[in-house]
Amino acid sequence: MAEAKKPRAKRATKAASPELKADLIELAAAPAVTALEAVTVAKPATQPKAPEVKPVAPEALFSSAKKQGDAFRQAVGEAVTASAKGALEVNGKIIDALTSQSSAALDLWRSAINPAPLPEALKAQSQATRQVYEAASAQWKDIAESTALWFTKSLEPLHSAFQRPGR
C-alpha cells in the first residue's frame, strides 16, 4: 500500500516578520495616496458648448424628398428610353450582319460549285472567304461598339441623377 504524504511544517520566513509586513503595507498604500491627491487637485472638465441646431420644417423635408424623387423618376425614364433605343440599334445590326453573312456564304458555295479550272476555283474561293471574314469581323466589331455605347448611354441619366449636388 502507498503511504499518504505527511504535511510538512511551515518554516518561518522573512515575510512573516511583523516589521517587514508593515513596510510592505506602507509601500503599497503610497501610490494610492499620491493618486488620490492628484484626483482632488484636478479641476473638473468643462463640456464644450453644443452648437445650436435649428429645427427644420417638415414641409422643407417633404419638398426636398419630392424633388429628389421626381429627379430620380425622370432619370429612370431617360435610362429606359436610351436602353430601348440602344437595344433596337444593336438588334438591327445583328440582323443585318446575319443576313449579309448568309448571303456571302451562299455566294461562296455558288462560286465553288460553278465549273471552272481548279486553280481559278481555289483562287475565287480563297478571295471570297477572305472577304466574308473581313466583312463579318467588321460587322461584329461594330456590334460590340454599339453595345458598349448602348450600356453607357443607358447608365448616364442614373449616374448624373446620383451626382447632382442636391443629393
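See the structure printed just above.
Below is a summary of the structure that appears in this document. Only a predicted model underlies this, so the values are computations on that prediction, with no experimental measurement involved.

The rules we used
- Residues numbered from 1 in each chain as written.
- Predicted model: local features only at pLDDT ≥ 70, side-chain atom pairs only at ≥ 80, totals over all residues.
- Heavy atoms only, no water.
- Helix = DSSP H or I, 4+ residues; strand = E, 2+ residues; numbered from the N terminus.
- Buried < 20%, exposed > 50% of the residue type's maximum accessible area, 1.4 Å probe, protein only.
- Contact = heavy atoms within 4.5 Å.
- Areas by Shrake-Rupley, 256 points an atom, 1.4 Å probe, with all protein chains shown as cover.
- Expected span 1.5 Å × (residues − 1).
- Bend = angle between axes of the 7 residues up to and from the residue.
- Phe/Tyr/Trp six-rings, centres within 6.5 Å; stacked < 30°, edge-to-face > 60°.
- Salt bridge = Lys/Arg side-chain N within 4 Å of Asp/Glu carboxyl O.
- Patch = residues over 30% accessible without salt bridge, like charges linked within 9 Å, V, L, I, M, F, W, Y side chains within 5 Å.
- Polar contact = N/O pair within 3.5 Å; in protein donor to acceptor, adjacent residues only side chain to side chain.

1. Focus: the overall build of the protein
Now for step 1: Secondary structure assignment for the protein yields three helices and zero strands.
Now for step 2: Written out in order from the N terminus, the α and β elements of the protein read α-α-α.
Now for step 3: Sorting the 167 residues of the protein into buried and exposed places 9% on the buried side.
Now for step 4: A sequence separation of at least 24 residues applies to 87% of the contacts in the protein between residues at least 6 apart.
Now for step 5: Only carbon and sulfur atoms are counted for the fraction: they give 64% of the accessible area of the protein, which is about 14,500 Å².

2. Examining helix H3 (residues 118–163)
Now for step 1: Relative to the 68 Å expected for 46 residues at 1.5 Å per residue, H3 spans 66 Å between its end C-alpha atoms, a close match to the ideal helical length.
Now for step 2: A bend of about 35° at Glu-156 is the largest found in H3, and the proline Pro-157 appears one to four places after it.

3. Observations regarding the packing of aromatic side chains
Now for step 1: The full count for this structure, using the stated rule, is two aromatic pairs.
Now for step 2: Geometrically, the ring pair formed by Phe-72 and Phe-162 is tilted, given 5.6 Å between the ring centres and 50° between the ring planes. One end of the pair, Phe-72, is in helix H2 (residues 58–113); the other, Phe-162, is in helix H3, and 90 residues separate them in sequence.
Now for step 3: Considering the side-chain rings of Trp-150 and Phe-151, the 4.8 Å spacing of their centres and the 15° angle between planes classify their relative orientation as stacked.

4. Comments concerning the environment of Glu-78
Now for step 1: Looking at the element boundaries, Glu-78 is found in helix H2.
Now for step 2: A residue is classified by how much of its surface remains accessible, and Glu-78, at 39% relative accessible area, is partly exposed.
Now for step 3: Glu-78 sits 78 residues away from Glu-156 along the chain, and the two C-alpha atoms are 8.9 Å apart.

5. Some words on the pattern of salt bridges
Now for step 1: On inspection of all chains with the given rule, the structure shows four salt bridges.
Now for step 2: As a salt-bridge pair, Arg-73 and Asp-70 come within 2.6 Å of each other at their nearest N and O atoms. Of this pair, Arg-73 and Asp-70 are both found in helix H2, three residues apart, which corresponds to roughly one turn of the helix.
Now for step 3: Glu-134 is the salt-bridge partner of Arg-130, the closest N and O atoms lying 3.4 Å from each other. Highlighted residues: Arg-130 and Glu-134, both in helix H3, separated by four residues, approximately one helical turn.
Now for step 4: Classification of Arg-130 as partly exposed rests on a relative accessible area of 44%.
Now for step 5: A relative accessible area of 43% means that Glu-134 is categorised as partly exposed.

6. Description of a nonpolar patch on the surface
Now for step 1: Taken together, the side chains of Phe-72, Val-76, Val-80 and Phe-162 define a hydrophobic patch exposed on the protein surface, amounting to about 350 Å² of accessible area.
Now for step 2: Of the residues forming the nonpolar patch, the biggest block, three residues, is contributed by H2.
Now for step 3: Judged by its relative accessible area of 38%, Phe-72 is partly exposed.

7. Side note on the environment of Thr-81
Now for step 1: Secondary-structure assignment places Thr-81 in helix H2.
Now for step 2: The class for Thr-81 is partly exposed, based on a relative accessible area of 42%.
Now for step 3: Here the side chain of Thr-81 touches Gly-77 through a polar contact of 3.0 Å, landing on its backbone oxygen.

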